[in-house]
Amino acid sequence: DAGVTQSPTHLIKTRGQQVTLRCSPKSGHDTVSWYQQALGQGPQFIFQYYEEEERQRGNFPDRFSGHQFPNYSSELNVNALLLGDSALYLCASQTYNEQFFGPGTRLTVL
Amino acid sequence: GESVGLHLPTLSVQEGDNSIINCAYSNSASDYFIWYKQESGKGPQFIIDIRSNMDKRQGQRVTVLLNKTVKHLSLQIAATQPGDSAVYFCAENPGHGSGNTGKLIFGQGTTLQVKP
(Lines give C-alpha, C1' and ligand atoms only; values in the text may rest on other atoms or scores of the structure.)
Protein backbone atom coordinates (compact mmCIF):
# COMPACT_ATOMS: atom_id res chain seq x y z
CA ASP A 1 0.00 0.00 0.00
CA ALA A 2 1.59 3.25 -1.11
CA GLY A 3 1.66 6.07 1.35
CA VAL A 4 1.17 9.70 0.50
CA THR A 5 2.93 10.59 -2.74
CA GLN A 6 3.82 14.03 -4.06
CA SER A 7 5.12 15.34 -7.35
CA PRO A 8 7.40 16.77 -8.43
CA THR A 9 10.18 16.22 -5.91
CA HIS A 10 11.95 19.46 -6.70
CA LEU A 11 10.95 22.52 -8.68
CA ILE A 12 12.68 25.77 -9.61
CA LYS A 13 10.64 28.78 -10.68
CA THR A 14 11.23 32.50 -11.11
CA ARG A 15 9.38 35.33 -9.44
CA GLY A 16 5.95 36.02 -10.89
CA GLN A 17 5.48 32.55 -12.28
CA GLN A 18 2.78 30.10 -11.30
CA VAL A 19 3.27 26.59 -9.95
CA THR A 20 1.11 23.49 -9.44
CA LEU A 21 2.03 20.78 -6.97
CA ARG A 22 0.30 17.41 -6.79
CA CYS A 23 -0.57 14.97 -4.05
CA SER A 24 -2.04 11.48 -3.93
CA PRO A 25 -3.35 10.52 -0.51
CA LYS A 26 -2.88 7.25 1.27
CA SER A 27 -5.38 4.62 0.19
CA GLY A 28 -8.70 5.07 1.93
CA HIS A 29 -8.02 8.64 3.03
CA ASP A 30 -10.48 11.26 1.82
CA THR A 31 -9.04 14.37 3.47
CA VAL A 32 -5.95 16.19 2.28
CA SER A 33 -4.10 19.06 3.98
CA TRP A 34 -1.28 21.18 2.62
CA TYR A 35 1.53 22.72 4.66
CA GLN A 36 4.42 25.04 3.90
CA GLN A 37 7.69 24.39 5.70
CA ALA A 38 10.35 27.07 5.46
CA LEU A 39 13.94 26.03 6.12
CA GLY A 40 14.53 25.48 9.83
CA GLN A 41 10.87 26.00 10.73
CA GLY A 42 7.89 23.86 11.55
CA PRO A 43 5.20 23.25 8.92
CA GLN A 44 2.56 25.94 8.55
CA PHE A 45 -1.01 24.94 7.66
CA ILE A 46 -2.19 26.27 4.30
CA PHE A 47 -5.58 24.61 3.81
CA GLN A 48 -7.49 21.35 3.94
CA TYR A 49 -9.73 19.70 1.37
CA TYR A 50 -12.57 17.29 2.03
CA GLU A 51 -15.24 16.13 -0.42
CA GLU A 52 -13.66 18.33 -3.09
CA GLU A 53 -14.15 21.51 -1.07
CA GLU A 54 -11.82 23.68 0.99
CA ARG A 55 -12.84 22.98 4.57
CA GLN A 56 -10.26 24.98 6.52
CA ARG A 57 -7.70 27.61 5.65
CA GLY A 58 -4.66 29.01 7.38
CA ASN A 59 -3.19 32.51 7.13
CA PHE A 60 -2.11 32.39 3.53
CA PRO A 61 -3.00 34.86 0.76
CA ASP A 62 -5.39 34.11 -2.07
CA ARG A 63 -2.38 33.46 -4.30
CA PHE A 64 -2.49 30.02 -2.73
CA SER A 65 -5.36 27.92 -4.03
CA GLY A 66 -6.14 24.28 -4.28
CA HIS A 67 -8.35 21.61 -5.67
CA GLN A 68 -9.40 18.11 -4.75
CA PHE A 69 -10.48 15.57 -7.33
CA PRO A 70 -13.11 12.81 -7.02
CA ASN A 71 -10.34 10.26 -6.42
CA TYR A 72 -9.25 12.40 -3.40
CA SER A 73 -5.98 13.50 -4.98
CA SER A 74 -5.22 17.17 -4.66
CA GLU A 75 -3.36 20.05 -6.23
CA LEU A 76 -1.82 23.16 -4.69
CA ASN A 77 -1.52 26.18 -6.96
CA VAL A 78 0.54 29.24 -6.17
CA ASN A 79 0.29 32.31 -8.41
CA ALA A 80 2.62 35.29 -8.74
CA LEU A 81 5.46 33.53 -6.96
CA LEU A 82 7.57 35.49 -4.49
CA LEU A 83 11.06 34.71 -3.25
CA GLY A 84 9.51 34.03 0.15
CA ASP A 85 7.46 31.18 -1.29
CA SER A 86 10.61 29.07 -1.44
CA ALA A 87 9.94 26.18 0.93
CA LEU A 88 9.13 22.52 1.29
CA TYR A 89 5.45 21.95 0.53
CA LEU A 90 3.98 19.02 2.39
CA CYS A 91 0.78 17.16 1.73
CA ALA A 92 -0.89 15.15 4.44
CA SER A 93 -3.80 12.77 4.22
CA GLN A 94 -5.70 11.59 7.20
CA THR A 95 -8.05 9.29 8.94
CA TYR A 96 -9.92 10.68 11.91
CA ASN A 97 -6.89 10.60 14.20
CA GLU A 98 -3.66 10.57 12.26
CA GLN A 99 -2.23 12.72 9.53
CA PHE A 100 0.27 10.95 7.26
CA PHE A 101 2.68 13.20 5.48
CA GLY A 102 4.21 12.82 2.07
CA PRO A 103 7.90 13.49 1.34
CA GLY A 104 7.16 17.00 0.13
CA THR A 105 7.98 19.11 -2.91
CA ARG A 106 10.97 21.42 -2.59
CA LEU A 107 10.12 24.70 -4.36
CA THR A 108 12.86 27.22 -5.07
CA VAL A 109 11.89 30.65 -6.36
CA LEU A 110 14.68 32.65 -8.01
CA GLY B 1 -1.42 34.44 18.10
CA GLU B 2 -1.34 30.68 18.00
CA SER B 3 1.97 29.09 18.67
CA VAL B 4 3.51 25.89 19.78
CA GLY B 5 7.10 26.19 20.84
CA LEU B 6 9.99 24.05 21.88
CA HIS B 7 12.37 24.95 24.68
CA LEU B 8 15.67 23.88 23.08
CA PRO B 9 16.69 23.98 19.43
CA THR B 10 19.26 21.18 19.73
CA LEU B 11 19.60 18.24 22.10
CA SER B 12 22.72 16.07 22.09
CA VAL B 13 22.65 12.72 23.89
CA GLN B 14 24.84 9.66 24.18
CA GLU B 15 23.65 6.48 22.52
CA GLY B 16 21.79 4.38 25.05
CA ASP B 17 20.78 7.31 27.23
CA ASN B 18 17.22 8.53 27.60
CA SER B 19 16.16 11.70 25.75
CA ILE B 20 13.57 14.23 26.82
CA ILE B 21 12.26 16.78 24.34
CA ASN B 22 10.03 19.54 25.66
CA CYS B 23 7.29 21.63 24.14
CA ALA B 24 5.17 24.54 25.35
CA TYR B 25 1.85 25.32 23.75
CA SER B 26 -0.21 28.47 24.06
CA ASN B 27 -3.77 27.48 23.07
CA SER B 28 -5.49 26.24 26.20
CA ALA B 29 -8.44 25.05 24.07
CA SER B 30 -6.28 22.50 22.23
CA ASP B 31 -7.31 18.98 23.09
CA TYR B 32 -5.14 16.80 20.88
CA PHE B 33 -1.36 16.74 20.61
CA ILE B 34 1.04 14.87 18.37
CA TRP B 35 4.77 14.32 18.19
CA TYR B 36 6.38 13.99 14.77
CA LYS B 37 9.88 12.96 13.73
CA GLN B 38 11.35 14.45 10.58
CA GLU B 39 14.51 13.08 9.00
CA SER B 40 16.45 15.04 6.44
CA GLY B 41 14.70 15.11 3.07
CA LYS B 42 11.55 13.44 4.36
CA GLY B 43 8.12 14.45 5.54
CA PRO B 44 7.15 14.37 9.23
CA GLN B 45 6.53 10.88 10.59
CA PHE B 46 3.90 10.28 13.27
CA ILE B 47 5.40 9.06 16.55
CA ILE B 48 2.73 9.25 19.20
CA ASP B 49 -0.32 11.28 20.13
CA ILE B 50 -2.23 12.15 23.28
CA ARG B 51 -5.63 13.62 24.01
CA SER B 52 -6.18 16.27 26.64
CA ASN B 53 -8.09 13.88 28.90
CA MET B 54 -4.85 11.93 29.42
CA ASP B 55 -1.63 12.82 31.27
CA LYS B 56 0.60 10.10 29.88
CA ARG B 57 0.72 7.74 26.97
CA GLN B 58 3.32 5.12 26.16
CA GLY B 59 4.45 3.62 22.91
CA GLN B 60 7.39 1.54 21.88
CA ARG B 61 10.40 3.25 23.55
CA VAL B 62 8.52 6.55 23.61
CA THR B 63 6.36 8.21 26.23
CA VAL B 64 4.44 11.46 25.91
CA LEU B 65 3.54 13.48 29.00
CA LEU B 66 0.98 16.25 29.03
CA ASN B 67 0.70 18.88 31.75
CA LYS B 68 -2.34 21.01 30.97
CA THR B 69 -1.85 23.20 34.03
CA VAL B 70 1.33 24.71 32.60
CA LYS B 71 0.56 23.87 28.95
CA HIS B 72 3.59 21.68 28.59
CA LEU B 73 4.21 18.56 26.52
CA SER B 74 7.23 16.30 26.56
CA LEU B 75 8.51 13.35 24.57
CA GLN B 76 10.70 10.80 26.27
CA ILE B 77 12.74 8.40 24.20
CA ALA B 78 14.23 5.45 26.04
CA ALA B 79 17.62 3.98 25.11
CA THR B 80 18.21 6.50 22.35
CA GLN B 81 19.69 5.04 19.18
CA PRO B 82 21.56 6.64 16.25
CA GLY B 83 18.44 6.13 14.13
CA ASP B 84 16.59 8.48 16.45
CA SER B 85 18.66 11.40 15.17
CA ALA B 86 16.20 13.77 13.52
CA VAL B 87 14.18 16.92 14.10
CA TYR B 88 11.24 16.43 16.46
CA PHE B 89 8.12 18.57 16.30
CA CYS B 90 5.22 18.82 18.63
CA ALA B 91 1.91 19.79 17.08
CA GLU B 92 -1.48 20.69 18.46
CA ASN B 93 -4.91 20.40 16.95
CA PRO B 94 -7.16 23.05 18.45
CA GLY B 95 -10.71 21.93 18.86
CA HIS B 96 -10.11 18.34 17.82
CA GLY B 97 -13.01 17.11 19.87
CA SER B 98 -15.41 19.55 18.26
CA GLY B 99 -14.87 18.07 14.83
CA ASN B 100 -11.93 20.18 13.75
CA THR B 101 -9.64 17.38 12.73
CA GLY B 102 -7.51 19.19 10.23
CA LYS B 103 -5.36 22.10 11.10
CA LEU B 104 -2.19 21.26 13.00
CA ILE B 105 -0.09 23.96 14.62
CA PHE B 106 3.58 22.96 14.72
CA GLY B 107 6.38 24.20 16.90
CA GLN B 108 9.85 25.19 15.65
CA GLY B 109 11.38 21.77 16.22
CA THR B 110 14.19 20.30 18.28
CA THR B 111 17.13 18.64 16.60
CA LEU B 112 18.15 15.45 18.41
CA GLN B 113 21.76 14.41 17.89
CA VAL B 114 22.77 10.96 19.11
CA LYS B 115 26.48 10.48 19.78
CA PRO B 116 27.86 6.95 19.38
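In short, a report on the structure. (Residues numbered from 1 in each chain as written. Chains lettered and ligands numbered in written order. Predicted model: local features only at pLDDT ≥ 70, side-chain atom pairs only at ≥ 80, totals over all residues. Heavy atoms only, no water.)

Okay, the overall build of chain B next. Helix and strand content of chain B: zero helices and eleven strands. Secondary structure elements in chain B, listed N-terminal to C-terminal, are β-β-β-β-β-β-β-β-β-β-β. The 116 residues of chain B split such that 47% are buried. The contacts of chain B with a sequence gap of at least 6 include a subset with a gap of at least 24, amounting to 55%. (Helix = DSSP H or I, 4+ residues; strand = E, 2+ residues; numbered from the N terminus. Buried < 20%, exposed > 50% of the residue type's maximum accessible area, 1.4 Å probe, protein only. Contact = heavy atoms within 4.5 Å.)

A few words now on the pairing of strand S4 (residues 30–38) of chain B. All names here are of chain B. Summarising burial for S4: nine of the nine residues are buried, a large majority. One ladder, built from seven bridges, connects S4 with strand S9 (residues 86–94); its direction is antiparallel. Looking at the pairing, Gln38 lines up with Val87 of S9. Across six bridges, S4 lies against strand S5 (residues 45–51) in antiparallel orientation. Across the sheet, residue Trp35 finds its bridge partner in S5, namely Ile48. In sequence, S4 turns back onto S5 through a hairpin of six residues, with Gly41 there showing a positive phi of about 80 degrees. (Pairing = 2+ DSSP bridges.)

Let's shift gears to the environment of Val13 of chain B. All names here are of chain B. Turning to its location among the elements, Val13 is positioned in strand S2 (residues 10–14). Assessed through its relative accessible area of 9%, Val13 is described here as buried. Once residues within four sequence positions are removed from consideration, Val13 is found in contact with Asn18, Ser19, Thr80, Leu112, Gln113, Val114 and Lys115.

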